[in-house]
Amino acid sequence: MSVDVMTSKFGNITLKTSTPKKDPGDDDVAILSSFLPEYLMSPAAITKNKAFECSMKRDCRLGDPKATPPGTKKMEYKTRQWHEKCFSCVVCKSAIGTKSFIPREQEVYCATCYEEKFSTRCVKCDKIITSGGVTYKNEPWHRECFTCSHCSTSLAGQRFTSRDEKPYCGDCFGELFAKRCTSCVKPITGIGGTRFISFEDRHWHNDCFICAACKTSLVGRGFITDAEDIICPECAKQKLM
């Protein structure tokens with residue numbers, strides 16, 4: 001006698017008909033078979049049938065969890081057994097039949113309900129992430145949903161920074177929040193390790209921190225303030241002469 005063997009590995013679920021080589025309580029397969037008339041059964045099989053009890057118990061769809069009418073199909077998975085009609089998804093209650101299913105913590109789910117209940121969902125759109133997601137602040141996002149909070153440019157694989165728990169691309173962060181260089185007036189974002197100098201209430205990019213007269217870099221050197229300008233000591237001496 002052949003039986004239907006349905007694998008229960010989520011993500012690679014197949015259906016085949018073959019003679020079972022594993023015990024019905026095996027962890028990897030569910031066995032679908034039929035109750036036979038007793039005259040076609042061995043004494044051991046008769047004893048096993050009499051011990052049958054549907055795992056649905058009082059909720060058995062046949063009304064009697066111990067019912068074994070000839071021709072009725074049963075499903076056996078691990079150490080549990082059901083009438084075929086009772087082997088159903090714990091969420092939508094639809095009979096599994098020959099469809100794929102996923103077991104979890106003693107419950108059985110159809111593939112659709114399992115995906116809806118347990119799959120990772122994007123924190124922005126609440127849709128299931130099937131592949132290529134992004135994690136930010138320990139929360140999952142679709143790559144296309146992980147965007148700058150101001151201009152909506154994708155940030156996946158790009159440098160970005162955050163403010164008030166919101167991500168921003170470098171350009172938007174600079175325009176909205178960053179200090180501006182006294183010399184070039186462009187934002188000082190610090191993204192990518194950009195260094196800068198601050199003096200009193202003024203700020204400069206490292207490359208912009210130069211003498212107003214001779215244009216040499218003043219980074220790491222002393223300097224003199226001359227009204228709104230900064231100049232090196234040599235130029236300050238020349239100016240005083």
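Let us look at the structure shown here. What you see is a predicted model, and the numbers here were worked out from it, not measured in a lab. (Residues numbered from 1 in each chain as written. Predicted model: local features only at pLDDT ≥ 70, side-chain atom pairs only at ≥ 80, totals over all residues. Heavy atoms only, no water.)

### Digging into the layout of surface pockets
(1) Moving on: Its boundaries defined by the atoms lining it, the second largest pocket holds a volume of some 210 Å³.
(2) Moving on: Lining the second largest pocket are 14 residues, and of these M56, W82, S88, V90 and E107 sit closest to its centre.
(3) Moving on: Going through the elements one at a time, β5 (80-83) and β7 (107-110) are the ones with two or more residues in the lining of the second largest pocket.
(4) Moving on: Grouping the constituent residues of the lining of the second largest pocket by class yields seven nonpolar, three polar and four charged. (1 Å grid on protein atoms, 1.4 Å probe; cavity = no way out; pocket = protein on both sides within 12 Å on 5 of 7 lines; lining within 4 Å. Points joined across faces, edges and corners; volume = space filled by probe spheres on them. Helix = DSSP H or I, 4+ residues; strand = E, 2+ residues; numbered from the N terminus. Nonpolar A, V, L, I, M, F, W, Y, C, P; charged D, E, K, R; others polar.)

### Describing the environment of C113
(1) Moving on: You can see C113 is positioned in helix α2 (residues 111-118).
(2) Moving on: Considering only alpha carbons, one finds C113 and F101, twelve residues apart in sequence, at a separation of 9.4 Å.
(3) Moving on: In this structure, C113 is in contact with C89, V91 and C92, ignoring residues within four places of it in sequence. (Contact = heavy atoms within 4.5 Å.)

### Notes on the packing of aromatic side chains
(1) Moving on: Scanning the model with the defined rule gives 17 aromatic pairs in all.
(2) Moving on: Taking the centre distance of 5.4 Å and the plane angle of 55 degrees together, the rings of F173 and F177 count as tilted.
(3) Moving on: A relative accessible area of 12% means that F173 is categorised as buried.
(4) Moving on: A residue is classified by how much of its surface remains accessible, and F177, at 29% relative accessible area, is partly exposed.
(5) Moving on: Among the aromatic side chains, those forming a connected cluster through ring pairs are Y77, W82, F87 and F101.
(6) Moving on: Sitting over the ring of F118, R104 keeps its end group 3.9 Å from the ring centre. (Phe/Tyr/Trp six-rings, centres within 6.5 Å; stacked < 30°, edge-to-face > 60°. Buried < 20%, exposed > 50% of the residue type's maximum accessible area, 1.4 Å probe, protein only. Lys NZ or Arg CZ within 6 Å of the ring centre and 35° of its normal.)

### Things to note about the side chain of N49
(1) Moving on: Along the polypeptide, N49 turns up in helix α1 (residues 43-50).
(2) Moving on: Leaving out residues up to four positions away in the same chain, N49 has contacts with F35, L36, M41, T68 and K74.

### Examining the pairing of strand β15 (residues 202-205)
(1) Moving on: Residues R202 and W204 of β15 are buried on one face, and the alternating residues H203 and H205, pointing to the opposite face, are buried as well.
(2) Moving on: Here strand β14 (residues 196-199) runs beside β15; their pairing, made up of four bridges, is antiparallel. Bridging across to β15, F199 finds its partner in R202.
(3) Moving on: If you look at the hairpin formed by β14 and β15, you'll find two residues sitting between the two strands, and E200 has a positive phi there, around 55 degrees. (Pairing = 2+ DSSP bridges.)

### Looking at the pairing of β7
(1) Moving on: Here strand β6 (residues 101-104) runs beside β7; their pairing, made up of four bridges, is antiparallel. Pairing of F101 across the sheet is with C110, part of β7.
(2) Moving on: With antiparallel pairing between neighbouring strands as the criterion, β6 and β7 make up a hairpin whose turn holds two residues, including E105 at a positive phi of roughly 45 degrees.

### Description of the pattern of salt bridges
(1) Moving on: The full count for this structure, using the stated rule, is eight salt bridges.
(2) Moving on: Two residues, E165 and K137, come together in a salt bridge whose shortest N-O distance is 3.9 Å. Linking E165 in the loop between β10 (160-163) and β11 (166-169) with K137 in the loop between β8 (133-136) and β9 (139-142), this pair joins segments that are 28 residues apart in sequence.
(3) Moving on: The exposure class assigned to E165 is exposed, which follows from its relative accessible area of 58%.
(4) Moving on: We note a salt bridge from R180 to E175, for which the minimum N-O separation is 3.0 Å.
(5) Moving on: Judged by its relative accessible area of 34%, R180 is partly exposed.
(6) Moving on: The network of salt bridges with common partners includes K48, K74 and E76. (Salt bridge = Lys/Arg side-chain N within 4 Å of Asp/Glu carboxyl O.)

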